[in-house]
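Residues per chain, in single letters:
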Amino acid sequence: MIKYYNHTSPFHLEFGGTLEHLRIAYHTYGTLNERGDNVVWVCHALTANSDVADWWPHTVEEGMFLDPSRYFIVCANILGSPYGTTAPLHTNPATGKPYYGDFPKYTIRDIVNAHRVLADALGIGRVHTLVGCSVGGFQAVEWAVMEPDRFERLALMATDGVATPWTIAIDESQRMCIEADSTYGEPRPDAGAAGLAAARAIGLLSYRGPSGYNLTQRDTEEYPAPRRAVSYQRYQGEKLVKRFDAYSYHAILDSFDTHDVGRGRGGMYTALSAIKARTMVIGLTTDIVFPPADMIALAARIPGAEYAEIHSPFGHDGFLVEYGQLNALMKPFMQK
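Small disclaimer: the values here were computed from a predicted structure and weren't measured.

A. Up close: the side chain of Asp110. Tracing the chain through its elements places Asp110 in helix H2 (residues 108-121). Within the structure, Asp110 has its side chain in polar contact with the backbone nitrogen of Thr107 (distance 2.9 Å). Asp110 has contacts with Phe11, His12, Leu13, Glu14 and Leu79, leaving out every residue within four places of it along the chain.

If you want it as structure tokens, here you go:
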């Protein structure tokens with residue numbers, strides 16, 4: 001069940017803005033033990049929510065790596081997301097109306113600072129394992145650098161220590177779709193819906209890649225029957241519009257582009273060398289967003305980190321699909 005924490009003190013943002021009130025939505029699974037040393041914190045990706053069991057199949061189950069009978073699992077909805085944490089459709093206390101496009105600019109560090117606020121409010125000190133996938137990995141690596149003594153283990157999947165030009169270009173292409181929708185900018189929740197659907201379709205190309213599409217979207221009938229890939233793209237765009245809004249999507253993409261653990265810390269190499277957690281970096285063989293070579297390089301920059309790889313035709317989304325391989329890697333890492 002979703003829970004909420006209301007932080008009543010002003011929440012100051014890295015770019016100079018302030019949220020006078022911050023609400024954080026989160027889920028927990030399992031029970032915090034008496035020693036308080038069984039916390040597993042999961043950082044979610046772009047359009048996911050704090051309900052890990054909802055979007056990560058066969059992970060939050062007994063016998064799996066997020067075993068609620070063994071661990072106290074926490075996931076907080078990220079800042080700017082429409083799933084409960086303060087976001088663009090929430091009321092701006094200064095105007096009494098939703099923020100929409102006036103939501104203050106924020107960064108990955110701001111997202112992590114919101115996580116820190118919640119962790120402190122829940123009485124969580126040291127964390128057994130910090131898990132971050134994709135842009136959830138942006139949050140996890142930033143947090144591990146920011147508070148190196150807080151984490152015993154760190155698991156980074158399909159991610160990086162910096163937003164590369166390639167990932168920023170993917171984000172900008174999606175923002176261009178949203179901005180090309182003439183309704184974007186209007187003060188209503190459904191503004192930019194058509195642009196958001198197109199943005200999602202572009203995003204999916206990078207998430208699945210050619211091998212994933214060619215495996216799952218081949219036509220079973222001869223043309224001119226509706227092309228399966230065409231209907232898939234349109235369906236996925238419409239599906240996201242029903243559960244997300246363009247203002248939140250645009251704001252989150254903006255925050256992702258700020259990611260650089262080396263900013264103000266002497267560069268990425270210096271920043272990553274501060275990580276003290278036992279670290280495993282997991283790449284995916286067909287990931288075109290965060291290719292294996294980049295993941296290997298990331299592991300090489302973190303002291304003592306080990307690299308592992310999931311073999312999957314489903315590209316970046318492989319971490320959501322290949323739960324068998326994922327559990328086989330994560331369970332020994334978390335238990336040894």
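B. Broad picture of the state of the cysteines. By the definition in use, this model includes 0 disulfides. Cys43 forms no disulfide, and the closest cysteine sulfur to it belongs to Cys75, at a distance of 7.2 Å. By relative accessible area, which is 1% here, Cys43 ends up buried.

C. Representation of the packing of aromatic side chains in the model. What the rule picks out here adds up to 14 aromatic pairs. Summarising the aromatic geometry, the rings of Trp56 and Phe65 are spaced 5.5 Å apart at their centres and angled 80 degrees between planes, so their arrangement reads as edge-to-face. With a relative accessible area of 1%, Trp56 lands in the buried category. Taking 6.2 Å as the distance between ring centres and 85 degrees as the angle between the ring planes, the aromatic pair formed by Trp56 and Phe319 counts as edge-to-face. Separated by 263 residues along the polypeptide, Trp56 in the loop between helix H1 (52-55) and strand S6 (72-76) and Phe319 in helix H10 (residues 318-321) bring together distant segments of the chain. Classification of Phe319 by relative accessible area gives buried; the value is 5%. Among the aromatic residues, those joined into a ring-pair cluster are Trp55, Trp56, Phe65 and Phe319.

D. Quick peek at helix H7 (residues 246-256). Within H7, 11 of the 11 residues are buried, which leaves the element mostly enclosed by the surrounding structure. Buried within H7 we find Ala246, Tyr247, Ser248, Tyr249, His250, Ala251, Ile252, Leu253, Asp254, Ser255 and Phe256. Its buried side turned inward, H7 meets H2, helix H3 (135-146), helix H4 (165-180), helix H5 (193-216) and helix H6 (228-241). For H7, the capping residue at the N-terminal end is Asp245, with a side-chain oxygen 3.1 Å from the backbone nitrogen of Tyr247.

E. Here's a closer look at the environment of Leu22. Examined against the element boundaries, Leu22 turns out to sit in strand S4 (residues 22-29). Taking the relative accessible area as the measure of exposure, Leu22 reaches 0% and is therefore buried. In sequence terms Leu22 and His250 are 228 residues apart; their C-alpha atoms lie 20 Å from each other. With near-sequence residues (within four places) excluded, Leu22 lies in contact with Tyr5, Asn6, His7, Phe11, Leu79, Thr85, Thr86 and Ala114.

F. Region of interest: the nonpolar core. By size, the foremost hydrophobic cluster in this structure holds 71 residues, and its most contacted members are Trp41, Tyr249, Phe256, Leu272 and Ile275. Residues within four places of Ile275 in sequence aside, it is in contact with Val141, Ala144, Val145, Leu154, Ile302 and Pro303. Judged by nonpolar contacts, the second largest core, of 28 residues, contains Leu66, Cys133, Ile282 and Phe319.

G. Quick look at the packing of H4 against H7. At a minimum axis distance of 10 Å, the contact between H4 and H7 shows a crossing angle of 155 degrees. Compared by their axis directions, H4 and H7 come out roughly antiparallel. The interaxial crossing formed by H4 with H7 has left-handed handedness. Facing Asp171, Gln174, Arg175, Ile178 and Glu179 of H4, the residues of H7 in contact are Ala246, Tyr249, His250, Leu253, Asp254 and Phe256. Taken together, the residues of the contact of H4 with H7 sort by class into 5 nonpolar, 2 polar and 4 charged.

H. Expanded view of unusual backbone geometry. Unlike most non-glycine residues, His58 shows phi in positive territory, near 55 degrees. For His58, the location among the structural elements is in the loop between H1 and S6. Its relative accessible area of 34% is what places His58 among the partly exposed residues. Its identity as a non-glycine residue notwithstanding, Tyr100 has a phi of 50 degrees, on the positive side. Of note, Tyr100 is situated in the loop between strand S8 (97-98) and H2. Using a relative accessible area of 15% as the deciding quantity, one classes Tyr100 as buried.

I. View of the environment of Ser206. Locating Ser206 in the fold gives a position in helix H5. You can call Ser206 buried: its relative accessible area is 7%. The contact partners of Ser206, leaving out residues within four places of it in the chain, are Ile170, Ile288, Val289 and His316. For Ser206, the side chain forms a polar contact with the main-chain oxygen of Gly203, separated by 2.7 Å.

J. Fine view of the pattern of salt bridges. Within this structure, the stated rule accounts for 19 salt bridges. In this structure, the salt-bridge partner of Arg150 is Glu147, at a minimum N-O distance of 2.9 Å. Residue Glu147 is classed as buried on the basis of its relative accessible area of 18%. For Arg188, the salt bridge is made with Asp190, and the minimal N-O distance between the two is 2.5 Å.

Here is what the cut-offs are and how they apply
- Residues numbered from 1 in each chain as written.
- Predicted model: local features only at pLDDT ≥ 70, side-chain atom pairs only at ≥ 80, totals over all residues.
- Heavy atoms only, no water.
- Helix = DSSP H or I, 4+ residues; strand = E, 2+ residues; numbered from the N terminus.
- Polar contact = N/O pair within 3.5 Å; in protein donor to acceptor, adjacent residues only side chain to side chain.
- Contact = heavy atoms within 4.5 Å.
- Disulfide = S-S within 2.5 Å.
- Buried < 20%, exposed > 50% of the residue type's maximum accessible area, 1.4 Å probe, protein only.
- Phe/Tyr/Trp six-rings, centres within 6.5 Å; stacked < 30°, edge-to-face > 60°.
- Core = buried A, V, L, I, M, F, W, Y, C linked by side-chain atoms within 4.5 Å.
- Axes fitted to C-alpha atoms, helices over the stretch in contact; angles between N-to-C directions.
- Parallel < 35°, antiparallel > 145°, perpendicular 65-115°, else oblique.
- Left-handed = near helix turned anticlockwise from the far one by under 90°.
- Nonpolar A, V, L, I, M, F, W, Y, C, P; charged D, E, K, R; others polar.
- Salt bridge = Lys/Arg side-chain N within 4 Å of Asp/Glu carboxyl O.

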